[in-house]
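Examining the three-dimensional arrangement
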2 protein chains.
Amino acid sequence: MDNLALCDANNFPLTPITFLKRAAECYPYRTSIIYGQTRFTWPQTYYRCCRLTASLLSLNIRKNDVVSVLAPNIPAMYEMHFAVPMAGAVLNPLNTRLDAKSITTILRHAQPKIFCIDRSFETLSQEILHLLSFDDSKLNMLVIFIDETDFPKTISSSELNYESLIRRGEPTSSMVAHMFRVQNEHDPISLNYTSGTTADPKGVVISHRGAYLSSLGAIMGWEMGTCPVYLWTLPMFHCNGWTFTWSVAARGGTNVCIRHPLDLLNRSGPVEMLTGGSSPPSALVKKVQRLGFHVIHAYGLTEATGPALFCEWQDEWNRLPENQQLKLKARQGVGMLTLAETDVKNTQTQESVPRDGKTMGEIVIKGSSVMKGYLKDPKATLEAFKYGWLNTGDIGVIHPDGHIEIKDRSKDIIISGGENISSVEVENVLYKHHKVKEAAVVAMPHPVWGETPCAFVVLEKGETNQGVREDSLVTSERDLIEYCRENMPRYMCPRKVVFLDELPKNGNGKFLKPVLRNIANGLVVSDENTISSKIVQQHKEKRRVNSLTSRL
Amino acid sequence: MDNLALCDANNFPLTPITFLKRAAECYPYRTSIIYGQTRFTWPQTYYRCCRLTASLLSLNIRKNDVVSVLAPNIPAMYEMHFAVPMAGAVLNPLNTRLDAKSITTILRHAQPKIFCIDRSFETLSQEILHLLSFDDSKLNMLVIFIDETDFPKTISSSELNYESLIRRGEPTSSMVAHMFRVQNEHDPISLNYTSGTTADPKGVVISHRGAYLSSLGAIMGWEMGTCPVYLWTLPMFHCNGWTFTWSVAARGGTNVCIRHPLDLLNRSGPVEMLTGGSSPPSALVKKVQRLGFHVIHAYGLTEATGPALFCEWQDEWNRLPENQQLKLKARQGVGMLTLAETDVKNTQTQESVPRDGKTMGEIVIKGSSVMKGYLKDPKATLEAFKYGWLNTGDIGVIHPDGHIEIKDRSKDIIISGGENISSVEVENVLYKHHKVKEAAVVAMPHPVWGETPCAFVVLEKGETNQGVREDSLVTSERDLIEYCRENMPRYMCPRKVVFLDELPKNGNGKFLKPVLRNIANGLVVSDENTISSKIVQQHKEKRRVNSLTSRL
C-alpha cells in the first residue's frame, strides 16, 4: 500500500496564495477590494498581483528574500500578501504605530531587500532611512513608495513607485504557472515582529502550510460563509490581519479597505464582529450588541500564525438569559479546528489542569499552523517550544464544557501570600462599576504578602470633567476599594487605586503594564485608605493638559 | 530562514482522526450519535473508539493492515471510521448493495485481516465465506459480527462480537497518545472500491492528509456551521459518506444513524440537503424545495476522496426568479476550497476549454485530497493521473462565472455525425416532460451518423397504471420525439424511445448505461416513428409483474 508514489495530481503544497487564483476563477464578477472610489474585481486583483510578482522577480527578488512594508490597510498592502510570496519571497509587514527607532531595529534584523512605504509615512521613513545611514550592516535595500492608485504623486526619476511596478510587470504564462506552486509548504511566507514591550521585538517566521491552515481555521471558527464583506479595522500588519487577508480571498469576499477605521457602519444587514485578546468587559459587549453587532470572541498570537481559539457559538445559547450569554462570550473558546491540540497546563508539573473553570495554568497549543520559530534567535525559539508545545505565556482555565478562558499573561499574574491573583479578573470587576472607563491592575510590593494588587483607573468622561473636586476622587478610591471588597475575595482586592486620565498603551493598543508596574513599585502601602498625594498631583497636572487638548 | 527545524509543537501530521479527540474535549455535552434508543455523547464515542482500537491492536492489527466492514449506517460503522485508522490500519467499507460474488472479488484483492459484518447481512456473509473457502489465496481473515448495541445476540464461543471488543479493550494512556499522531500524513486511511460497472472494481487508496483536507473542504463548501445535526441517508460506505463521517466530528455535530432512510423528517427547522452526481432535474428540485428543503448540489468521486465541486450559493441569487435559481442549482459549481486546481480540458489537446458554458471537455482536478492511487493497479493509476491531473472521465463545461456543469461521463457521450451529444442534456429535456419519471439516453448505431441517441423512459405511475392502451404508448413515443424536436437541436433528438417499468441501476442507484447500450446495440433504426414490437412485448410483461407486486 506504501508503493503508491506522490505525483503532481495528488500532492500540492499547501499555501494560501492558491486562494487568489481560485477566487479569480470561481468568483470572476465579485468585487475583491473597495477603497474610496477604487473598485477591483477578483480577476483584477489577480492580474495586479501577477504583474507585481513579475516586477519583483525582475528586481532580482529570490526565494526567502524579505520584502518589508509600512502601510495602512490599503489595496497595495493587501496585494503584497499574495504578490510577495508568489515571488518566493517573505512578507514583513511593519507595525505603523512604532517609532523610527523601533522600525530601524526590525529592519536591521530582518535585512529586507525591498522596503515599501506608503506616502503618508514619508516623514517617518525619512527618519528611518536617516538612522539606517549610520548603520554598519550595509543594509542594501530598495525603497519603493506607495501612492494613491488614482493620484500618483509626481516622482523623481530615482524613486521607485508601487503602481509603476504593477504597470511594467510582464508575467509570462510559464512564470504564472510557477507563482502558485511553492517548492515546499514549510517554506516561510511571512515574518511578523512581536510588539516587544520589554525587549527587542522577535521575528516570528510563518510557513505557507501554517498560513493555509490558519486561514481555514479562522473561516470555520468564525463560520465565515461564501462571499462575505469584510471591513478592515484590524491592521493587516497585525499577524497578517489574523490571516483574514487570505481567508477573504478563500471565500471570494469583498475587502473594504480604509486608511483609518471611520464611521463606515451605515449598514442594513447584521454585522458579525470578531474581537481578540483578553475579553472585553461584558458591559461593553452589551452596549455594542445593542447597536446591532453580533460579537464573537477569539484569541490568538503572532506565534500561532494569528488565531488559535474561537468562542464557537452554539445555537442553544441564544435561548439563555443575556447575562449568561455575556459570560459565555467572555471566554476565548475552543482550539481552532486546524490546530492539532490545545491544553492548559500547570507550569510546574506540565500536567493538564482539571476542567473546573478555576485552576489556572498556561495555555499551550500544538499544530502545523504554529510558527516555524523566531528569526535568528534559537534560544527564544527553544524556550517557546519547550515540552513539545508552543507555550503561549497566557494563563487561563478550562471550563467543564471545554472552553478556555484567559485569566492573565503569566508575567501579569500577582502572587499575594502564595495565592495567584489574575489581574484580568480584578479588572473585570472594576469594569462593571458604572464610573470606570478603563482599568489596569498590576502587582505592587507589600511588606507582608510580597505582592498586592494596585489598580490604575480611568473614570468615565462625565465623571472627571464635571468639576470633580479632589476629595471626591479620594472618595472614589474608597468607593472602589469598598466596591471590590463586596464583589471579590478580600485577598484579591486592590490596596491602591490610582486615577489617570489615560493609560499608557503600546502600538497594538494594549496596556503597557511594565510602565504601570514601574509606577506601582514606587508606591508604598502605608494607610490602605489614603492615596499617595504625589499621584493625585500628577493626575491633576495631566488632567489639565488633557482638558486643554480637548478644548483645542 | 531555512534553518528553523520542524518540531513536535509546529509539525503535526494532518489526519481527520484528531477531530474525534477535539470533539470529546470541545463539545463534551453534545450528542455524537442518535440511533434508535441509543444516544452517545462525544466523550462516549471517543472512549468507545479508543477501546476498539486497543482491541484491534491486541488482535495484532498493525500499520497498513486492512479492516473490511459490511454494515449499514449504524454507530459501529461510524466508530470504525476513527478506531481503525487510530490503530494505524486502513478501513475498507464495502458497498452493501453488492452481491456475494462482487464482495468476494474485493476481499480477495484487499486481503483484509479482519472482516466486520452486521448481523443483518448474515446470509450474504455466509455466501461470501463459502465462496472464499474455495479460494487458493488463503485469506487469513478474522470475522467479527456486529449486533445491535442494546440486544446482543447470544453468540457461539468461536464467534467474535463487536461490542465485546469494545468492552474488553484496555487503552493505556501512552497507547492513546499514539493513536492520534499518525507517522506520516500520506499514510493510507481508507480503501474504497469503485462501483465497477464495466470491469472489476478498483481499490482507491485515500491518505490521512487527503481525508483531512476533503473533510474541511466539504464543511466550507456546504457552509456547515458549529454543532449541526446530520441525518445519514448517504451510505457511509460511499466514499466514507463523502468524508462527512469526519466532518461531523470536526464540527461537534450529531450523527443521526438509521438502517434504512425512513420518514424521519418530522422536523421544525429548515433542512439543508446536499445532492451529488449529475444534477437532479429542476422539476424534482422544485418539488423538494417546496417541501421545505434547501437543496445544494455537489459533485465528487471516490478518486477525489469524495467531494470535489460545490455549487457555493451566493446571497444575491436568492433575489433571482425561481427558474433562474433552478438553473444555477443544476450546476455542480466551483472547485472545493481545499483542492489546488480545477479545470475543464479538451481531451485531445489538453488545453483549457473557453469559459462559454458550451464547449465541452473533461473535468480534471489537482490537489492533496486526490487519492494516492489504485491498489495493485499501476496501469490504471498511471492512466488516471495522466498529464499531472486526476482525469475524472466526466465531461462538462465552464460557465463564464466559473461554475462547472457536468454534461456526461466521457464514455456516455454520443458522437453523431462528428458532433458530441451530451446524454445528460437530452435526459434533462425529457425530464421536463410532465409524463416522464425517469429517462436514460445512450448511443445506438446509425447507418449514416455512426451513432444516434436512444432514450429509455419510465413514465409517471399514473400514466402507466390507468389502463393505458398499447397504441397510446406508441403515441407517447411519437409525442416524446416531437417534444424533443421542439426543445433541442434536431441532431440531438432521440430516434428511438423505449418504455420500461424500471431502469436497471447499480449498487449506488446509478443507471447501468452499459446494459442499456447492449439493448440499444440490438435495435435498428428502420422507421423512425415505429417502436420495436419486441420491446413493447417486454414492457407489457414487465408491467404485469410490477402491477402484481404493487397489489400484494
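Residues numbered from 1 in each chain as written. Chains lettered and ligands numbered in written order. Predicted model: local features only at pLDDT ≥ 70, side-chain atom pairs only at ≥ 80, totals over all residues. Heavy atoms only, no water.

Notes on unusual backbone geometry
One can expect most non-glycine residues to show negative phi and most peptide bonds to be in trans. All names here are of chain A. Non-glycine residue Gln111 carries a positive phi angle of around 50°. Tracing the backbone shows Gln111 in the loop between helix 4 (100–110) and strand 5 (114–118). By relative accessible area, Gln111 is classed as partly exposed at 31%. Positive phi values are uncommon outside glycine, yet Lys376 reaches one of about 50°. The residue Lys376 is located in the loop between strand 18 (373–374) and helix 13 (378–384) in this model. According to the relative accessible area criterion, Lys376 is exposed, its value standing at 53%. (Helix = DSSP H or I, 4+ residues; strand = E, 2+ residues; numbered from the N terminus. Buried < 20%, exposed > 50% of the residue type's maximum accessible area, 1.4 Å probe, protein only.)

Thoughts on the packing of helix 4 (residues 100–110) of chain B against helix 5 (residues 122–132) of chain B
Residue and element names in this part refer to chain B. At a minimum axis separation of 9 Å, helix 4 and helix 5 run at an interaxial angle of 55°. Comparing the axis directions of helix 4 and helix 5 gives the class oblique. The way helix 4 lies across helix 5 gives a crossing that is right-handed. Counting all contacts with helix 4, which are made through Ala100, Lys101, Ile103, Thr104, Leu107 and Arg108, the residues of helix 5 involved are Leu124, Glu127, Ile128, Leu131 and Leu132. Per-class residue counts for the contact of helix 4 with helix 5 are 7 nonpolar, 1 polar and 3 charged. (Axes fitted to C-alpha atoms, helices over the stretch in contact; angles between N-to-C directions. Parallel < 35°, antiparallel > 145°, perpendicular 65-115°, else oblique. Left-handed = near helix turned anticlockwise from the far one by under 90°. Contact = heavy atoms within 4.5 Å. Nonpolar A, V, L, I, M, F, W, Y, C, P; charged D, E, K, R; others polar.)

Notes on the relation of the copies chain A and chain B
Mapping between the two copies of the chain is achieved by a rotation about an axis and a shift along the axis. Mapping chain A onto chain B calls for a screw motion: a turn of 180° about the axis and a shift of 0.0 Å along it, with 0.1 Å RMSD after fitting. The superposition operator between the copies reduces to a two-fold rotation axis. A share of 100% of the interface residues of chain A reappears at the interface of chain B, consistent with the copies meeting face to face through the same patch. (Least-squares fit on C-alpha atoms with pLDDT ≥ 70 in both.)

Digging into the interface of chain A and chain B
Taken together, the contacts link 74 residues of chain A with 74 residues of chain B. When chain A packs against chain B, the two sides together hide about 5,900 Å² of surface, and 54% of this comes from carbon and sulfur. Run the count over chain A and chain B and you get 10 salt bridges. Note that A:Arg251 and B:Glu312 form a salt bridge whose closest N and O atoms lie 3.8 Å from each other. At the junction of chain A with chain B, the criterion picks out 34 residue pairs in polar contact (both at pLDDT 80 or more). (Buried area = accessible area lost by both parts, 1.4 Å probe. Salt bridge = Lys/Arg side-chain N within 4 Å of Asp/Glu carboxyl O. Polar contact = N/O pair within 3.5 Å; in protein donor to acceptor, adjacent residues only side chain to side chain.)

Remarks on the state of the cysteines
Here a disulfide denotes a covalent bond joining the sulfur atom of one cysteine to the sulfur atom of another. Overall, the coordinates contain 0 disulfides over all chains when judged by the stated rule. For A:Cys50, which is in no disulfide, the shortest distance to another cysteine sulfur is to A:Cys49 and amounts to 7.1 Å. Distance from the sulfur of B:Cys7, which forms no disulfide, to the nearest cysteine sulfur (A:Cys239) is 19 Å. (Disulfide = S-S within 2.5 Å.)

Remarks on the packing of aromatic side chains
All names here are of chain A. One pass over the full model with this rule turns up 20 aromatic pairs over all chains. The interplanar angle of 55° and the centroid separation of 5.6 Å between the aromatic rings of Tyr78 and Phe82 together place this pair among those described as tilted. Highlighted residues: Tyr78 and Phe82, both in helix 3 (residues 75–86), separated by 4 residues, approximately one helical turn. Taking 5.4 Å as the distance between ring centres and 70° as the angle between the ring planes, the aromatic pair formed by Trp222 and Phe244 counts as edge-to-face. Taken together, the residues Trp222 in the loop between helix 8 (208–221) and strand 10 (229–231) and Phe244 in helix 10 (residues 244–250) connect sequence positions 22 residues apart. What makes Trp222 buried here is its relative accessible area of 15%. (Phe/Tyr/Trp six-rings, centres within 6.5 Å; stacked < 30°, edge-to-face > 60°.)

Remarks on the confidence of the model for chain A
All names here are of chain A. Chain-level pLDDT for chain A is 85 on average; 86% of the residues reach the 70-or-more range. Confidence drops under pLDDT 50 across residues 526–552; counting only partners more than four residues distant or on other chains, this segment forms 31 contacts. Prediction confidence for the complex, expressed as pTM and ipTM, is 0.81 and 0.80 respectively. (pLDDT = per-residue confidence, 0-100.)

Examining helix 3 of chain A
Residues and elements named next belong to chain A. Along its 12 residues, helix 3 runs 17 Å from first to last C-alpha, staying within 8% of the 16 Å computed at 1.5 Å per residue. Counting buried residues in helix 3 gives 12 out of 12 residues, a clear majority hidden from the surface. Taken together, the buried positions of helix 3 are occupied by Pro75, Ala76, Met77, Tyr78, Glu79, Met80, His81, Phe82, Ala83, Val84, Pro85 and Met86. Following helix 3 by one or two positions, Gly88 adopts a phi angle in the positive range, close to 85°. (Expected span 1.5 Å × (residues − 1).)

A look at the environment of A:Gly300
All names here are of chain A. On the secondary structure map, Gly300 appears in strand 13 (residues 293–301). For Gly300, a relative accessible area of 22% translates into the label partly exposed. Considering only alpha carbons, one finds Gly300 and Ala83, 217 residues apart in sequence, at a separation of 25 Å. Ignoring anything within four residues of it in the chain, the contact list for Gly300 reads Trp242, Gly306, Pro307 and Ala308.

Things to note about the sheet that holds strand 14 (residues 306–310) of chain B
Residues and elements named next belong to chain B. Sheet architecture is open: 4 strands sit in the order 12-13-14-15, paired in mixed fashion. Each of the sheet's edge strands pairs with one partner strand only, and the pair in question is strand 12 (271–275) and strand 15 (334–335). As defined by bridge partners, strand 13 (residues 293–301) adjoins strand 14 across 4 bridges and the pair is classed as antiparallel. Bridge pairing in strand 14 places Tyr299 opposite Leu309. (Pairing = 2+ DSSP bridges.)

Things to note about the pattern of salt bridges
Scanning the model with the defined rule gives 50 salt bridges over all chains in all. A:Lys21 is the partner of A:Glu25 in a salt bridge, and the nearest nitrogen-oxygen pair spans 3.7 Å. Taken together, the residues A:Glu25 and A:Lys21, both in helix 1 (residues 18–26) and 4 residues apart, mark about one turn of the helix. A relative accessible area of 24% means that A:Glu25 is categorised as partly exposed. A:Lys21 gets classed as buried once you look at its relative accessible area, which sits at 16%. Close ionic contact of A:Glu163 with A:Arg48 constitutes a salt bridge, the shortest N to O distance being 2.7 Å. A residue pair is termed long-range when its members are at least 10 positions apart, and A:Glu163 in helix 6 (residues 162–168) and A:Arg48 in helix 2 (residues 42–58) qualify at 115 residues. The pair A:Glu163 / A:Arg48 is uniform in exposure class, with both members buried. Salt bridges sharing common partners tie together A:Lys21, A:Glu25, B:Glu341 and B:Lys366.

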